[in-house]
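Topology and contacts: notes
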Amino acid sequence: MLLLPIQTWDRKLTTVWFALMHEETFFTMLPPFLLMFLQLVRSIQPAISVSPSTESEKMLLKIREMFDFGYSNYMKYAYPEDELDPIHCRGRGPDLTDRNNININDALGDYQLTLVDSLDSLAGTPTGIPFPRIHLGWRSVETLGREDSCLAGAGTLLLEMGTLSLLLQDPQYATLARNVVLRLWNYRSPDTGLLGTDINIYTGEWINSMSGVGAGQDSFYEYLLKSGILFDDSELIQMFEESLRNLRRRLCGASSVHHCACPEGHPPVYWNTDMFTGEVVNTWVDTLQSVWPGILMSKNMRLV
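Everything quoted here is computed from the prediction, not taken from an experiment.

What follows concerns the overall build of the protein chain. When helices and strands are counted, the protein chain shows 11 helices and 8 strands. Relative to its 304 residues, the protein chain shows a buried fraction of 44%. Across the protein chain, the fraction of contacts at a sequence separation of at least 24, relative to all contacts at a separation of at least 6, is 57%. When the accessible surface of the protein chain is split by element, carbon and sulfur atoms take 57% of a total near 16200 Å².

Attention shifts here to the pattern of salt bridges. Applying the stated rule across the entire model yields 6 salt bridges. Its salt-bridge partner being Asp-68, residue Arg-64 comes within 3.1 Å of it at the nearest N-O pair. A residue pair is termed a helical-turn pair when its members lie 3 or 4 positions apart in one helix, as Arg-64 and Asp-68 do in helix H3 (residues 55–77) at 4 residues. By relative accessible area, which is 34% here, Arg-64 ends up partly exposed. Take Asp-68: its relative accessible area is 21%, and that puts it in the partly exposed class. One salt bridge in this structure joins Arg-178 and Glu-235, with 2.8 Å as the shortest N-O distance. One end of the pair, Arg-178, is in helix H8 (residues 172–185); the other, Glu-235, is in helix H10 (residues 234–253), and 57 residues separate them in sequence. On the basis of relative accessible area, Glu-235 is assigned to the partly exposed category, the value being 31%.

Quick look at the sheet that holds strand S5 (residues 206–208) now. With antiparallel pairing, the 3 strands of this open sheet are ordered in space as S3-S4-S5. With one partner strand each, in any of the chains shown, strand S3 (148–150) and S5 form the two edges of the open sheet. The mean inter-strand angle of the sheet, taken between neighbouring strand axes irrespective of direction, is 35°. Bridge count between S3 and strand S4 (residues 198–200): 3 bridges; the pairing is antiparallel. Along S4, the bridge assignment pairs Asp-148 with Asn-200.

Across all of its chains, the model carries 7 aromatic pairs by this definition. Arranged with centres 6.3 Å apart and planes meeting at 75°, the rings of Phe-131 and Tyr-202 form a pair that is edge-to-face. A residue pair is termed long-range when its members are at least 10 positions apart, and Phe-131 in the loop between helix H5 (119–122) and S3 and Tyr-202 in the loop between S4 and S5 qualify at 71 residues. Exposure remark for Tyr-202: the relative accessible area of 25% places this residue in the partly exposed category. Each residue in the set Phe-220, Tyr-221, Phe-240, Tyr-270 and Trp-292 is aromatic and connected to the rest through ring pairs, giving one cluster.

Between two packed helices, the angle of one axis relative to the other and the distance separating the axes together describe the packing. In contact at an axis separation of 7 Å, helix H7 (residues 158–168) and H8 are set at 160° when each is read in the N-to-C sense. Accordingly, the angle class assigned to the pair H7 and H8 is roughly antiparallel. The handedness of the crossing between H7 and H8 is left-handed. Residues Leu-158, Met-161, Gly-162, Leu-164, Ser-165 and Leu-168 of H7 lie in contact with H8, whose contacting residues are Gln-172, Tyr-173, Ala-174, Ala-177 and Arg-178. Residues that form the contact of H7 with H8 fall into these classes: 7 nonpolar, 3 polar and 1 charged.

With 66% of its residues at a pLDDT of at least 70, the protein chain reaches an overall mean of 76. Low pLDDT, under 50, characterises residues 1–34; the predicted model gives this stretch 68 contacts beyond four residues in sequence or across chains.

Let us look at the sheet that holds strand S7 (residues 272–274). Spatial ordering of the open sheet is given by S6-S7-S8, a layout of 3 strands whose pairing is antiparallel. If you trace the sheet from one side to the other, it starts and ends with strand S6 (210–211) and strand S8 (280–282), each paired once. Across 2 bridges, S6 lies against S7 in antiparallel orientation. Across the sheet, Ser-211 pairs through a bridge with Thr-273, a residue of S7.

With 14 residues, H8 should cover 20 Å at 1.5 Å per step; its first-to-last C-alpha distance of 20 Å lies within 8% of that length. The buried fraction of H8 is high, at 10 of 14 residues. Those residues of H8 that fall on the buried side of the exposure criterion are Tyr-173, Ala-174, Thr-175, Ala-177, Arg-178, Val-180, Val-181, Leu-182, Leu-184 and Trp-185.

Criteria and thresholds
- Residues numbered from 1 in each chain as written.
- Predicted model: local features only at pLDDT ≥ 70, side-chain atom pairs only at ≥ 80, totals over all residues.
- Heavy atoms only, no water.
- Helix = DSSP H or I, 4+ residues; strand = E, 2+ residues; numbered from the N terminus.
- Buried < 20%, exposed > 50% of the residue type's maximum accessible area, 1.4 Å probe, protein only.
- Contact = heavy atoms within 4.5 Å.
- Areas by Shrake-Rupley, 256 points an atom, 1.4 Å probe, with all protein chains shown as cover.
- Salt bridge = Lys/Arg side-chain N within 4 Å of Asp/Glu carboxyl O.
- Pairing = 2+ DSSP bridges.
- Axes fitted to C-alpha atoms, helices over the stretch in contact; angles between N-to-C directions.
- Phe/Tyr/Trp six-rings, centres within 6.5 Å; stacked < 30°, edge-to-face > 60°.
- Parallel < 35°, antiparallel > 145°, perpendicular 65-115°, else oblique.
- Left-handed = near helix turned anticlockwise from the far one by under 90°.
- Nonpolar A, V, L, I, M, F, W, Y, C, P; charged D, E, K, R; others polar.
- pLDDT = per-residue confidence, 0-100.
- Expected span 1.5 Å × (residues − 1).

Spelled out as structure tokens, the structure:
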């Protein structure tokens, strides 16, 4: 199944390009000449010279300041390493002495997939769910011994692969990435409609059945919505809407959550639930869940 007819992609290229400029991992994939191009684009964007008069304008200015702060400091202190170590204010790359140090190697290091090389692993398992990481210098990806992948890691390829298809005018990259999303979607619970966190890439069995919008899950839902909007893909948007309804229904219907905590069916906090029973399994949140309000705002802005 193709993501979009090839002749309709040109008009989406500019929109997708500027959207990806705000993806935190996108810059580490770019060669220096493209980074220089992005710097030029940012410099010619019209500046907001008037004083912000509304709350939304103030937030737009704040978001721009936060983005510029993060991007500029990465370029100043960390480029071309994978990421910026905020404690020591220096670049941090892969741990070449310990390939199992996923705290560092998961960023975009030598043991992680690159944008194009990941294509070889997308269809390399019985389930069609990609390997979580490969060593590009080894002949077999399976020698790394990993049999699991998280929902976000496996299902967060479509924006980048879709853009690659746009640039090359070749639909195969977007098609492969989209098929991975559909395969993951088919492994949701038939009773609750929820997805878990970690899945066995060989059997399709869930290793971690915790369902939520935090670490290991967040960007799967983010990419459903963003890809649906950017590529005019109504099926992906419907999948996001269904996921949101299921999350809200299970949180507000769980026996451990009082009904007054869900006015109008909208939970104030998206705790983690069990994907098979819908019951709340814990009431903590992690930092990656902080993006969720922005995702919901993107959904609401689309309806305006």
